[in-house]
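# Results of the structural survey
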Amino acid sequence: MGILATFSSDRDARFANLVELLRARTAEHGPRVAFRYLADGEIEESRLTYEELESRALAIAAALAPQAAAGDRALLFYTGGLEFIAALWGCLYAGVAAVPVFPARLHRQIPRLLAIAADSEAKFVLTTAKIRRQAEDL
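Right, let's walk through the structure included here. (Residues numbered from 1 in each chain as written. Predicted model: local features only at pLDDT ≥ 70, side-chain atom pairs only at ≥ 80, totals over all residues. Heavy atoms only, no water.)

### Here's the deal with the pairing of strand β6 (residues 124-127)
Consecutive side chains of a regular strand alternate in pointing toward one face of the sheet and then the other. Going by this rule: Accessible area is worked out with a 1.4 Å probe on protein chains only. A residue is then buried under 20% of its type maximum, exposed over 50%, and partly exposed in between. By the criteria applied, helices consist of DSSP H or I runs no shorter than four residues and strands consist of E runs no shorter than two, each listed in order from the N terminus. Pairing between strands requires that DSSP locate at least two bridges from one strand to the other.
Side-chain alternation along β6 places Phe124 and Leu126 on a buried face and Val125 and Thr127 on a face that remains uncovered. With four bridges joining them, strand β4 (residues 73-77) and β6 adopt parallel strand pairing. In the sheet register, Phe77 faces β6, and the bridge partner there is Thr127.

As C-alpha cells, then:
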C-alpha cells in the first residue's frame, strides 16, 4: 500500500501555509491528479484530483467549523488511503490539529487509543463508516 503525491515543485512560490498551497494548486491544476492510492505499492486503486481534494477538505472543514475552535484536536482514525488525506486537509482548512491514529488490531488497542485521545485532548474523531462500525462493536 502507498500513496503517491503529484504536487508540482514551484520553488519560487511562497505560501503562508498549506491551505494557501492547496488553493493555488487547485486553481492552477484543478482536474489533474494530486494523489494516487497504490493498494499494493504499484497498482493504482484510486485517485484524487486537486479539485476533489479541495472539495472534500472544504466539506470536512464545514462539518467541523460549527463546533471547532482554532487549535482543537481531531483524531484521524484511518488505515491510510485517500480518506485520510482528505481528513488531514479538512483539519488544516478548519484550523484543527490532526492526531493520526492507525487502527490496526482494534480490539487489542482500545486502551492505547483511549490514552491517545485523552493525552491529545481530542474533541473530534474522523474515520470511515467501516472503522466506526468496528469500534462501536467493541
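### Some remarks on the sheet that holds strand β5 (residues 97-101)
What counts here: For helices, the fitted line uses only the C-alpha atoms of the stretch in contact; every axis is such a line through C-alpha atoms, and the angle between N-to-C directions lies from 0 to 180 degrees. Here a residue-residue contact requires only that any non-hydrogen atoms of the pair lie within 4.5 Å.
The strand order across the open sheet formed by three strands is β5-β4-β6, and the pairing between neighbours is parallel. Since the sheet does not close on itself, it has two edges, and those belong to β5 and β6, each with one partner. In this sheet, adjacent strand axes meet at a mean angle of 30 degrees when their direction is disregarded. Relative to β5, β4 is paired through five bridges, and the arrangement is parallel. In the strand pairing of β5, Phe77 is matched with Val101. Across the face of the sheet, helix α3 (residues 82-94) comes into contact with β4, β5 and β6 while running at roughly 175 degrees to β4.

### Notes on the packing of aromatic side chains
The relative placement of two aromatic rings is captured by the distance of their centres and the angle of their planes. The line we're drawing: Note on ring pairs: Phe, Tyr and Trp rings are taken, using the six-membered ring of Trp, and paired if centres are within 6.5 Å. Classes follow the plane angle, with under 30 degrees stacked, over 60 edge-to-face and the rest tilted.
Across all of its chains, the model carries one aromatic pair by this definition. For the pair Tyr78 and Phe84, a centre-to-centre distance of 6.3 Å together with 70 degrees between the ring planes defines the contact as edge-to-face.

### A look at the pairing of strand β2 (residues 33-38)
Counted residue by residue, β2 has five buried out of six residues, so it is predominantly covered. As paired elements, β2 and strand β3 (residues 44-49) share five bridges and run antiparallel to each other. Paired with Phe35 across the bridge in β3 is Leu48.

### Observations regarding the environment of Phe124
Residue placement: Phe124 occurs in strand β6. The exposure class assigned to Phe124 is buried, which follows from its relative accessible area of 10%. Each C-alpha atom of the pair Phe124 and Ala68 lies 8.7 Å from the other, and the pair is 56 residues apart in sequence. Beyond its immediate chain neighbours, meaning those up to four positions away, Phe124 contacts Leu64, Gln67, Ala68, Asp72, Arg73, Ala74 and Leu75.

### Notes on the packing of helix α1 (residues 18-29) against helix α2 (residues 50-64)
Counted only if it meets this: What sets the label is the angle itself: under 35 degrees gives roughly parallel, over 145 gives roughly antiparallel, 65 to 115 gives roughly perpendicular, and the rest give oblique. Two helices cross in a left-handed way if the nearer one is turned anticlockwise from the farther one by less than a right angle. They cross in a right-handed way if the turn is clockwise. Three classes are used: nonpolar for Ala, Val, Leu, Ile, Met, Phe, Trp, Tyr, Cys and Pro, charged for Asp, Glu, Lys and Arg, and polar for all others, with Gly counted as polar.
With their axes 8 Å apart at the nearest point, α1 and α2 run at an angle of 140 degrees to one another. Put simply, α1 runs oblique to α2. For the pair α1 and α2, the crossing hand works out as left-handed. Together, Leu22, Arg23, Arg25, Thr26 and His29 of α1 and Tyr50, Glu51, Leu53 and Glu54 of α2 make up the contact between the two elements. Here the residues of the contact of α1 with α2 sort into three nonpolar, two polar and four charged.

That is the geometry; function is a separate question.
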